[in-house]
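Summary of the model geometry
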Amino acid sequence: MVFCQKTKRKNPLCFPRCLLSSSAFDSSVVCVCGCVCVLSRQLSSGPQVQWLLDNYETAEGVSLPRSTLYCHYLLHCQEQKLEPVNAASFGKLIRSVFMGLRTRRLGTRGNSKYHYYGLRIKASSSLLRLMEDQQHLAMRQQPFSQKQRWTQTLSFLSFSVSHSGSCVSQSVCTQVQQYQQFLDASRALPEFPDVDLQDRALPEGIELEHLKSFQLLYREHCEAILDVMVNLQFPLVETLWKTFWRFSESQAGDSTTLAVHDESEKRLPKSCLVLLCKYDPVLRWSRDCDNTLYQGLVEMLIPDVLRPIPSALTQAIRNFAKSLESWLTNAMMNIPEEMVRVKVTSASAFAQTLRRYTSLNHLAQAARAVLQNTAQINQMLSDLNRVDFANVQEQASWVCRCEDRVVQRLEQDFKLTLQQQNSLEQWAAWLDGVVSQVLKPYQSSTAFPKAAKLFLLKWSFYSSMVIRDLTLRSAASFGSFHLIRLLYDEYMYYLIEHRVAQAKGETPIAVMGEVQTHSDTEFFT
């Protein structure tokens, strides 16, 4: 960006024809528009251009994603404690440094994005080594371009994103495309219901039009989150939250912040947003929408908890889950506490679910190797036959009160399934059958959730008693049994969670958030 001498302010149409005349760079240059302008320090500083020359070079037959290059720049600014310019201004700087650079749209239909054609990272650049270590996320701005209502948001994203985890090399961009085969990218966001006012009067100063605007903005916001998640743009979720909740570092606000939130402010003033965040029907509606959104995101990211997932993708999901709550609370810094608690409750359940499912998936892959090893299976059978199940049942019955008939049948089925060297998927089907059989008497009963949770406790206690017996006998296959036990306990938890949610007519995310939700009931009274 430069300061135009004609208008006496920053002019995006003015840009220097050459920034490379000297290492110091002249403060006054002739711009494309023909006027003499003064360069902004941010854009024309020597170190910025020198950084480009040190890390990139022109070459025939190569290309570099435009968003990747901007990511590198954001990381550089973060490390050097510099304020970055927006993507458009940075693009002009790139073209002034590397003259004659062309832009091409590359990629498969529906998955293409803009590349700088004829530009590559230098072999001597530290960015190459950095990218080899970073197995994170490609930053794509394609999804937003299809939503005209989010044009202001896109500008904000270009200006604000400064997460090193989103900076990737061209090879990692390709890997991200490969990772998408493990997702259920076809999943669409279900329709949200209307806000149930429950015959309650609207807050003073709020019209029905404001409520409808909030619903529409919230829907668009959730759709944008789904878009970035499908494209594995995890760091952009924080930016979307900041944009929707009108986050500003400066309490007073500045011209940049006002410009960013201008469109949203026109559709729903922040004063109205704050009032709605204290309105009980809106709090309930937001909670239900979040539970629906997060459940869809879980099923999109991990459509099959037993299917192998690349370790890099698993780690990226876990890192995302770890950051969720802090991102959200920071973005809602100036929002009423009532809404913050509701939002954090659902986000916490979402994060917990992602952590559990990725752990379950990791256990599944480790156990798969054991279940495919004939020698280990034979050793497990030998050790299992030495276990005194009658003694185990006698000790466990005082706590679990399990029927002898049921325990004996489970013991026999377990040994038979192990002897047949069944696959992991067959074991999962057996566990599912156990749950169905045990909980069948409670179907369509209000006691179902309690009975399901009680069975989960009994299963865990009984399996711990078996592991205890194997430990005391110094079983050679103790390690294998311990791994299998961890997997089966986790998968049983997964099955019970879904059965309880189905019985209640809710999402598993909503069920997992019940404990925290109960502590927040004061907001819905």
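Residues numbered from 1 in each chain as written. Predicted model: local features only at pLDDT ≥ 70, side-chain atom pairs only at ≥ 80, totals over all residues. Heavy atoms only, no water.

**A look at the layout of surface pockets**
Selection rule: Each cavity reported here is a set of points on a 1 Å grid over the protein atoms alone in which a 1.4 Å probe fits but cannot get out, each pocket an open set with protein on both sides within 12 Å along at least five of seven lines, and each lining residue one with an atom within 4 Å of a point. Grid points are joined across faces, edges and corners, and a volume is the space filled by probe spheres set on the points. Counting from the N terminus, the helices are the DSSP runs of H or I reaching at least four residues and the strands are the DSSP runs of E reaching at least two. Gly falls in the polar group here, along with every residue not listed as nonpolar (Ala, Val, Leu, Ile, Met, Phe, Trp, Tyr, Cys, Pro) or charged (Asp, Glu, Lys, Arg).
Considering only enclosed or pocket space, the second largest pocket measures out at about 890 Å³ in volume. Lining the second largest pocket are 34 residues, with Val 406, Val 407, Leu 410, Phe 455 and Trp 459 positioned closest to its centre. Of all the secondary structure elements, the ones that give two or more residues to the lining of the second largest pocket are helix H19 (404-419), helix H20 (424-439), helix H21 (448-472) and helix H22 (478-504). For the lining of the second largest pocket, the leading source of residues is H21, giving 10 residues. When grouped by side-chain class, the residues that make up the lining of the second largest pocket number 23 nonpolar, two polar and nine charged.

**Examining the pattern of salt bridges**
Oppositely charged side chains can form a pair if their charged atoms are brought close together. Where we set the bar: Salt bridges are counted wherever a side-chain nitrogen of Lys or Arg sits within 4 Å of a carboxyl oxygen of Asp or Glu. Here's how the labels work: a residue is buried when its accessible area is under 20% of the maximum for its type, exposed when over 50%, partly exposed in between, all with a 1.4 Å probe on protein chains only.
Tallied over the full model, the rule gives 17 salt bridges. Linking Arg 120 and Glu 57 is a salt bridge whose minimum nitrogen-to-oxygen distance equals 2.9 Å. On the criterion of sequence distance, the pair formed by Arg 120 in strand S7 (residues 113-121) and Glu 57 in strand S5 (residues 56-65) is long-range, its members being 63 residues apart. A residue is classified by how much of its surface remains accessible, and Arg 120, at 37% relative accessible area, is partly exposed. Arg 200 is the salt-bridge partner of Asp 280, the closest N and O atoms lying 2.9 Å from each other.

**Re the packing of aromatic side chains**
Operational definition: Any Phe, Tyr or Trp ring, taking Trp's six-membered ring, that has another such ring centre within 6.5 Å forms a pair; planes under 30 degrees apart are called stacked, those over 60 apart edge-to-face, and the others tilted. Whether a charge lies above a ring is judged from NZ of Lys or CZ of Arg, which has to be within 6 Å of the ring centre and within 35 degrees of the ring normal.
Applying the stated criterion across every chain, the model contains 24 aromatic pairs. Ring centres of Trp 427 and Tyr 488 lie 5.2 Å apart, and the angle between their planes is 35 degrees; on these two criteria the pair is classed as tilted. Separated by 61 residues along the polypeptide, Trp 427 in helix H20 and Tyr 488 in helix H22 bring together distant segments of the chain. Of the two residues, Trp 427 and Tyr 488, both sit in the buried class. Relative to Tyr 494, the ring of Tyr 491 lies with its centre 5.6 Å away and its plane at 25 degrees, an arrangement referred to as stacked. You can see Tyr 491 and its partner Tyr 494 sitting in helix H22, three residues apart, about one turn around the helix. You can call Tyr 494 buried: its relative accessible area is 17%. Looking at Arg 219, its charged tip hangs above the ring of Phe 192, at a distance of 4.9 Å from the centre.

**Quick notes on the confidence of the model for the chain**
Our working rule: Note: pLDDT gives the predictor's confidence per residue, expressed from 0 to 100. When checking whether two residues touch, look at their non-hydrogen atoms; a contact exists if any pair is within 4.5 Å.
In the predicted model, the chain carries a mean pLDDT of 78, and the fraction of residues at 70 or more is 76%. For the chain, the element scoring lowest by mean pLDDT is helix H6 (residues 142-145), at 34; helix H14 (residues 280-301) scores highest, at 95. Under a pLDDT of 50 for its full length, residues 8-44 has, in the predicted model, 93 contacts with residues more than four places off or in other chains.

**Regarding the nonpolar core**
For clarity, the threshold we go by: In this text, buried Ala, Val, Leu, Ile, Met, Phe, Trp, Tyr and Cys residues form a nonpolar core when linked through side-chain atoms within 4.5 Å.
Counting 122 residues, the largest nonpolar core has Met 229, Trp 241, Trp 245, Leu 301 and Phe 350 as its most contacted members. Of the residues forming this core, the biggest block, 16 residues, is contributed by helix H16 (residues 337-371). Once you skip the residues sitting within four places of it in the chain, Met 229 turns out to touch Phe 234, Val 237, Leu 297, Met 300, Leu 301, Phe 320 and Phe 350. The next biggest cluster of nonpolar side chains, apart from the first, holds 21 residues, and it includes Val 49, Leu 69, Val 85 and Phe 90.

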